[in-house]
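# Chain and residue survey
So you can see what is in the structure, the chains are spelled out below.
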Amino acid sequence: MKARVAVAGLLLLLLTLASLGVGAASIDLRAADGWTLLVLMESRLPRTLAVLLTGAALAVAGVVIQSLVRNRFVGPDTAGTGESAALGLLAVTLLAPAAPIWVKMIAASLAAMAGTALFMAIVRRLPVREVMLVPIAGLILSGIIGSVVTWIAWQHDLLQFVATWLMSGEFSGVIAGRYELLWVAGLAALLAWSAADRFAILSLGDQVATGLGLSSRGVMRLGMVVVSVVSALVVTTVGMIPFVGLVVPNIVARIMGDNLRASIPVVAAGGAGLLLACDLIGRILRHPYEIPVGTILGIVGSLIFLWLLYRPAAHG
Amino acid sequence: MIRINGLSHHIGPAPILHDINLTLPRGKLVALIGPNGAGKSTLLRLIARLEPLQRGRVEIDGLDLASTPTERLALAMAVMGQQTQIASRLRVAELVGFGRWPHHQGRPRPADREAVENALEAFGLGPLRHRFLDEISGGQAQRAHLAMTFAQGTDWLLLDEPLNNLDMAHSRALMARLAELVRGSGRSVVTVVHEVNYAAAWADHIVAMKGGRIVAEGPADTVLTEQVLSDLYDTPIEVSRHDSRPLVLHHHWHDQLGAPYPKASDADRFPLH
Ligand SMILES: Nc1ncnc2c1ncn2[C@@H]1O[C@H](COP(=O)(O)OP(=O)(O)OP(=O)(O)O)[C@@H](O)[C@H]1O
Ligand SMILES: [Mg+2]
């Protein structure tokens, strides 16, 4: 186990170094002149940090939403959360265009929370045994809210504006000063880790959770805050990032189980690593042009997901 | 003691429990028996606050169920529901560890670890401690769940059909553990049992339920009689004695194959011997 952690840590470190070295502008990391430093501090480092924070936060949000709905086939990107955040953001943009950025973020988070609450209310009415209905309901809800956003934006000639949130996300626009809100998403993930036991107990079922004296209401609310804040901040800074929140928690659960206190750090590292690897692929494939990481993930993520579906764990 | 006053319960329009008044003594092993659908699980779930109270009052060692915070109640009673499925992929020792959560809320102390070890030991789970719950047998999972309930270390233990899935040796061992808890550490156990002979052999006090009402209660000798049991289960039952306790026997009536399924009113058509 220790060896595996070391290997994984080393891999993440190598990815990070590679990410600092690769980009449209060619720099020599050994030179350390003014130009190199500028590119590094203004572009490469912010981008790398943004990718790491986004990947980690999304993967942790995935664990959280999976334990809230007790279903492994959902992620923060298939619960209507991101589209709801976009709807909230669109609403402030139309109603109070001059509002400061933090007001916009709060509006996006609140809307994301409302969307997540709607998703959970729908899930609660689904037959428990039909596990696949939960992701389907999420996809339908995402589709509906996404269409509403598109329609309103089209009415107000804002399609280009919302496209950056609803289309596959990418990090090419990240420079210093335009990603820092993602630290808040990272903090939200940290908050989820601090409540890891509660989420793990919640996953044991209502009966067991009540028996252990956990009031599920409070945990549910905390979980919704985490998922909504992470989704809202990611969608508004870099756009929709699919699959990370879905596949990483599944892979980690297969290997080390659902003891979330131990697994959440691994999930976070896994999410960061997966997203960074995909972002690097997107940067290298058609260098000096870029393929959005959302597109790469669409392919890589769905392949991983198919593999997970066809190789179910013992007893499913 | 657990004091139940005027407890009634409905599910939709259907009445499930009718004005139950019952006192469950402290320091005893109480067995709750009765036919399918009698309301045993409902009663237990209400006492364990797994179901909101609709009417009536329940008090556990002076704590009013309706007004005591759930985390405080988790220090007074541990509950194991009937057929609770745990879908999480946890290792046996991790599940049992969660039994201590009400005590440490995330910061286990040495005493907590010791309680977990003892619970694992008590249910023979040592060799299985690192196995995932979805990679062990039904009876082993049942024991893991029981061990979690034990680890909670509460004065009251409420168990709904804990013998489900357990083989004869583990059933006997479980009843012996419960009796030890009661006689050795003065704890109190309330358990639903279908196998009346386990109640006969181990229970200090038996409560018989039928149709949402308590129909008999008392020590084994007064409740486990041919009269009470035959009425309770609507089938002729013979009671013998063994180890100076009642031993309940029932016949299988092979000559009656094809007869209608016994209902309350049909029961007396069957001869007793
Ligand atoms: N969710 C429900 N909806 C409707 N009726 C229910 C529900 N749960 C239980 N009941 C009814 O309530 C009555 C009591 O059920 P309960 O589970 O308490 O019985 P029990 O004594 O535990 O039976 P068993 O020995 O089969 O476990 C039964 O008639 C049952 O049909
Ligand atoms: Mg029952």
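Residues numbered from 1 in each chain as written. Chains lettered and ligands numbered in written order. Predicted model: local features only at pLDDT ≥ 70, side-chain atom pairs only at ≥ 80, totals over all residues. Heavy atoms only, no water.

This part takes up the overall build of chain B. Of the regular secondary structure elements, chain B holds 10 helices and 12 strands. The C-alpha atoms of chain B give 20 Å as radius of gyration, which agrees with the globular expectation for 273 residues (19 Å, within 12%). Judged by the C-alpha coordinates and their principal axes, chain B covers about 60 × 40 × 35 Å. For chain B, with 273 residues in total, the buried portion stands at 51%. Restricting to contacts in chain B with at least 6 residues of sequence separation, those with at least 24 account for 63%. Accessible area for chain B stands at about 12700 Å²; split by element, carbon and sulfur atoms hold 51% of it. Computed over 28 positive and 30 negative side-chain charges, the inter-centroid distance for chain B is 6 Å. (Helix = DSSP H or I, 4+ residues; strand = E, 2+ residues; numbered from the N terminus. Rg over C-alpha atoms; globule rule 2.2 N^0.38 Å. Buried < 20%, exposed > 50% of the residue type's maximum accessible area, 1.4 Å probe, protein only. Contact = heavy atoms within 4.5 Å. Areas by Shrake-Rupley, 256 points an atom, 1.4 Å probe, with all protein chains shown as cover. Lys, Arg positive; Asp, Glu negative; His and termini not counted. Charge placed at Lys NZ, Arg CZ, Asp CG, Glu CD.)

With that settled, consider the site of ligand 1. All names here are of chain B. In the neighbourhood of ligand 1, 13 residues make up the surrounding shell, with Gly 37, Lys 40, Ser 41, Thr 42 and His 194 lying closest. Asn 36 places a side-chain nitrogen or oxygen 3.0 Å from an oxygen atom of ligand 1. Contacts to ligand 1 include Ala 38, whose backbone N or O atom sits 3.1 Å from an oxygen atom. In the complex, 57% of the free accessible area of ligand 1, which totals 630 Å², lies under the protein chains. Here the element with the most residues in the shell around ligand 1 is helix H1 (residues 40-47); it accounts for 3 residues. Split into classes, the residues belonging to the shell around ligand 1 amount to 4 nonpolar, 7 polar and 2 charged. (Near = heavy atom within 4 Å. Polar contact = N/O pair within 3.5 Å; in protein donor to acceptor, adjacent residues only side chain to side chain. Nonpolar A, V, L, I, M, F, W, Y, C, P; charged D, E, K, R; others polar.)

Looking now at the coordination of the magnesium ion (ligand 2). Note on the magnesium ion (ligand 2): its protein donors are B:Ser41 (OG) and B:Gln82 (OE1). The metal-donor distances range over 1.9 to 2.1 Å. Here B:Gln82 lies in the loop between strand S6 (77-80) and helix H3 (92-98) and B:Ser41 lies in helix H1, a separation of 41 residues in the sequence. (Donors = N, O, S within 2.8 Å, 3.2 Å for Na, K, Ca; no water.)

Here the focus is the layout of surface pockets. Unoccupied space between atoms shows up once a probe the size of one water molecule is rolled over them. All names here are of chain A. Looking at the second largest pocket, its volume works out to about 720 Å³. As for the second largest pocket, its lining consists of 21 residues, and the residues nearest its centre are Ala 8, Val 252, Val 266, Ala 269 and Gly 270. Put simply, the parts of the chain that give the lining of the second largest pocket at least two residues each are helix H1 (2-21), helix H11 (244-256) and helix H12 (260-284). A per-element tally of the lining of the second largest pocket places H1 first, with 7 residues. (1 Å grid on protein atoms, 1.4 Å probe; cavity = no way out; pocket = protein on both sides within 12 Å on 5 of 7 lines; lining within 4 Å. Points joined across faces, edges and corners; volume = space filled by probe spheres on them.)

Before going further, it helps to spend a moment on the confidence of the model for chain A. Considering every residue of chain A, the mean pLDDT works out to 90; 97% of them sit at 70 or more. Looking over chain A, one finds the lowest element-wise mean pLDDT in helix H6 (residues 159-166) of chain A, namely 80, and the highest in helix H7 (residues 182-194) of chain A, namely 96. (pLDDT = per-residue confidence, 0-100.)

Moving on: the UniProt feature "transmembrane region" (unreviewed entry) in chain A. Residues given the UniProt feature "transmembrane region" (unreviewed entry) here are residues 48-69, 81-99, 105-124, 131-152, 181-202, 222-252, 264-285 and 291-310 of chain A. Span residues 48-69 of chain A is 100% helix and 0% strand, its end C-alpha atoms 32 Å apart. (UniProt positions renumbered as here; feature names shortened; annotations may be inferred.)

This next bit is on the packing of helix H2 (residues 34-69) of chain A against H12(A). Residues and elements named next belong to chain A. In contact at an axis separation of 7 Å, H2 and H12 are set at 135° when each is read in the N-to-C sense. One way to sum up the angle between H2 and H12 is to call them oblique. H12 is crossed by H2, and the crossing has right-handed handedness. Across from Arg 47, Thr 48, Val 51, Leu 52, Thr 54, Gly 55, Ala 56, Ala 59, Val 60 and Val 63 in H2, the residues of H12 making contact are Leu 260, Ile 264, Val 267, Ala 268, Gly 271, Ala 272, Leu 275, Leu 276, Asp 279 and Arg 283. The residue makeup of the contact of H2 with H12, split by class, is 13 nonpolar, 4 polar and 3 charged. (Axes fitted to C-alpha atoms, helices over the stretch in contact; angles between N-to-C directions. Parallel < 35°, antiparallel > 145°, perpendicular 65-115°, else oblique. Left-handed = near helix turned anticlockwise from the far one by under 90°.)

Those residues carrying the UniProt feature "domain: ABC transporter" (unreviewed entry) are residues 2-236 of chain B in this numbering. Along residues 2-236 of chain B the backbone is 37% helical and 26% strand, and the end-to-end C-alpha distance reaches 33 Å.

Here we take up the pattern of salt bridges. The full count for this structure, using the stated rule, is 21 salt bridges over all chains. Note that A:Arg72 is salt-bridged to A:Asp258, the shortest N-O span being 2.7 Å. Taken together, the residues A:Arg72 in the loop between H2 and helix H3 (81-95) and A:Asp258 in the loop between H11 and H12 connect sequence positions 186 residues apart. One salt bridge connects B:Arg183 with B:Asp204, and the closest N-O pair in it is separated by 3.2 Å. Of this pair, B:Arg183 sits in helix H7 (residues 168-185) while B:Asp204 sits in the loop between helix H8 (196-202) and strand S9 (205-210), placing them 21 residues apart in sequence. With relative accessibility at 23%, the residue B:Asp204 sits in the partly exposed group. (Salt bridge = Lys/Arg side-chain N within 4 Å of Asp/Glu carboxyl O.)

Let's shift gears to the interface of chain A and chain B. Every contact between the two is made by 25 residues of chain A and, on the other side, 31 residues of chain B. Taken together, both faces of the contact between chain A and chain B bury some 2200 Å²; the carbon and sulfur share is 57%. It is A:Leu204, A:Gln207 and A:Leu212 in chain A that bury the most area against chain B; as a group they hold 27% of the surface buried on that side. Scanning the region where chain A abuts chain B turns up 0 salt bridges. The interface formed by chain A and chain B contains 8 residue pairs in polar contact (both at pLDDT 80 or more). Breaking the side of chain A that touches chain B down by element, the ones donating at least two residues are helix H8 (196-203), helix H9 (206-211) and H11 of chain A. Here the element with the most residues in the side of chain A that touches chain B is H8(A); it accounts for 5 residues. Of the residues contributing to the side of chain A that touches chain B, the split by class is 10 nonpolar, 9 polar and 6 charged. (Buried area = accessible area lost by both parts, 1.4 Å probe.)

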